[in-house]
Structures are given as C-alpha cells and as structure tokens.
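An overview of the molecular structure
Chain by chain, the residues:
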Amino acid sequence: MDTNRLSPAIAKALNRQMTNEAHNAQIYLSYASWANEKGYDGISNFLFRHANEERNHMMKILEYILKRGGKVVVTEIPGPGPDPSSVNDCFEKIFKSEVDNTTAIYEIVNMSMAEKDWATWNFMQWFVKEQTEEETLAMDLLSKIKIAGGATAKDDALYALDTNLAKTPDDATLAQDVTVENP
C-alpha cells in the first residue's frame with residue numbers, strides 16, 4: 001500500500017527547500033568564518049547561531065517529508081559564494097538570501113493551497129512566520145549598519161555593532177506581536 005501523502009510536485013519542492021535551508025546554513029557558516037577572521041567575534045557568533053538555525057529548518061523539512069510518507073532526496077549544496085567585502089556587504093547579502101528563501105517558501109505555500117494539501121499548507125505557516133522574523137532581523141541589522149556609516153562605517157562604529165550583536169537575540173519582534181503597551 002502506498003502511504004505517501006505528498007504529491008510529486010510538492011515532494012520535489014520540499015526537497016528543494018530542504019537544500020535551500022542547507023545552502024543558507026552554508027552562507028551563514030561562511031560569513032561567520034569571514035567575520036571571525038576579521039576580528040568581529042560578536043558578528044561571527046551571531047552568524048554561527050543562525051547557521052545552526054538554518055540546519056534546524058532543513059531537518060524540520062526532512063522530518064516532515066518522512067512523516068508524510070515521502071522520499072527525502074539529499075542533493076549537492078551549492079557553495080556560499082565569495083566572502084563579503086565589508087560588514088555592510090555581509091548583511092546585504094544575508095538579507096537578499098533571506099528574501100530569496102521567503103520567495104521559495106511562498107511558492108510551496110501556493111502549491112499546497114492549489115493542491116488543497118492542507119497539511120503541507122499548515123506546516124509551511126511556521127516557515128512563513130519564521131521568514132518574516134528573519135527578514136525583520138536582517139532589516140533591523142541593515143538599519144543599524146546604516147547608522148554606523150554603512151559601507152564606509154569606521155572601526156569604532158563597527159566595534160560597537162560587533163559588541164551589540166554578541167548580545168542580540170536570534171529573533172525579532174514582529175509587527176503582529178506588537179501592542180500599544182509593548183511597541
């Protein structure tokens with residue numbers, strides 16, 4: 001008896017997304033190593049934590065595919081690309097990567113809705129919220145870097161940013177969670 005509850009198209013998309021999450025982990029690992037080499041220990045720590053988070057996302061998708069009776073297909077992970085040229089470039093690249101990831105997640109949500117695969121649609125809502133958080137966090141960091149001087153930020157401003165990122169939580173406050181009492 002076939003117990004696979006995923007259509008071939010959704011299984012393929014989920015497997016592709018699993019690889020996307022692994023690729024994002026590689027990007028964070030690469031940039032964390034770059035930051036560490038440059039002496040930005042706080043930025044490095046922040047990025048290493050996010051690499052682990054991306055690996056957890058990959059595993060979450062892998063487990064979902066298995067629990068729905070689908071076949072997991074592990075493929076080659078693309079390389080992270082060249083090192084950033086600056087802290088500003090690092091976080092611009094991270095923001096672009098997160099936006100690309102959001103787009104891929106939305107495609108799966110749209111597919112699951114079109115196929116009326118409500119289990120997958122429901123599962124992907126966690127990722128929708130997570131990507132909103134990731135994009136918000138990246139935008140907040142870009143705003144801080146802009147205040148520090150952007151691409152031309154001076155060492156003292158980058159030092160302050162690095163120190164701040166060592167203590168920055170891994171999640172962001174989302175608009176839907178804000179109240180008048182707690183903006």
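Attention in this report is confined to the structure presented alongside it. (Residues numbered from 1 in each chain as written. Predicted model: local features only at pLDDT ≥ 70, side-chain atom pairs only at ≥ 80, totals over all residues. Heavy atoms only, no water.)

The next thing to look at is the pattern of salt bridges. Tallied over the entire structure, the rule returns three salt bridges. A salt bridge links K67 to E63, with the nearest nitrogen and oxygen atoms 3.8 Å apart. With K67 and E63 both in helix α2 (residues 41-67) and four residues apart, this pair spans about one turn of that helix. A relative accessible area of 36% means that E63 is categorised as partly exposed. (Salt bridge = Lys/Arg side-chain N within 4 Å of Asp/Glu carboxyl O. Helix = DSSP H or I, 4+ residues; strand = E, 2+ residues; numbered from the N terminus. Buried < 20%, exposed > 50% of the residue type's maximum accessible area, 1.4 Å probe, protein only.)

Let us look at the packing of aromatic side chains. The tally for this structure, following the rule as stated, stands at five aromatic pairs. Aromatic side chains Y64 and F123 sit 4.0 Å apart centroid to centroid with 10° between the ring planes, which places their arrangement in the stacked category. With Y64 in helix α2 and F123 in helix α4 (residues 118-148), the pair connects residues that are 59 residues apart, well separated along the chain. Relative accessible area serves as the criterion here: at 9%, Y64 is assigned to the buried category. Overall, F123 belongs to the buried group, its relative accessible area being 14%. Note on W126 and F127: the rings are 4.9 Å apart at their centroids and 85° apart in plane angle, and the pair reads as edge-to-face. Using a relative accessible area of 36% as the deciding quantity, one classes W126 as partly exposed. Judged by relative accessible area, which is 1%, F127 ranks as buried. Through pairs of rings, three or more aromatic residues link up here, namely Y64, F123, W126 and F127. One Lys or Arg, K60, reaches over the ring of W126 and ends 4.2 Å from the middle of that ring. (Phe/Tyr/Trp six-rings, centres within 6.5 Å; stacked < 30°, edge-to-face > 60°. Lys NZ or Arg CZ within 6 Å of the ring centre and 35° of its normal.)

The next point concerns the nonpolar core. Across soluble globular proteins, nonpolar side chains show a tendency to be buried alongside one another. The biggest cluster of nonpolar side chains holds 25 residues, and the ones touching the most others in it are I43, L47, V87 and F91. Top contributing element to this core by residue count: helix α1 (residues 8-37), with six residues. Leave out the neighbours within four places in its chain, and F91 touches I43, F46, L47, L141, L142, I145 and L165. In this structure, A13, M18, I61 and M124 belong to the second largest nonpolar core, which totals 18 residues. (Core = buried A, V, L, I, M, F, W, Y, C linked by side-chain atoms within 4.5 Å. Contact = heavy atoms within 4.5 Å.)

Once that is clear, we can look at the side chain of S30. Mapped onto the elements, S30 comes out in helix α1. Here S30 falls in the buried class, since its relative accessible area comes to 15%. Apart from the residues lying within four places of it in its own chain, the contact partners of S30 are P80 and D83.

With a phi angle near 55°, K116 is a residue other than glycine that sits in the positive phi range. Examined against the element boundaries, K116 turns out to sit in the loop between α3 (87-114) and α4. The class for K116 is exposed, based on a relative accessible area of 60%.

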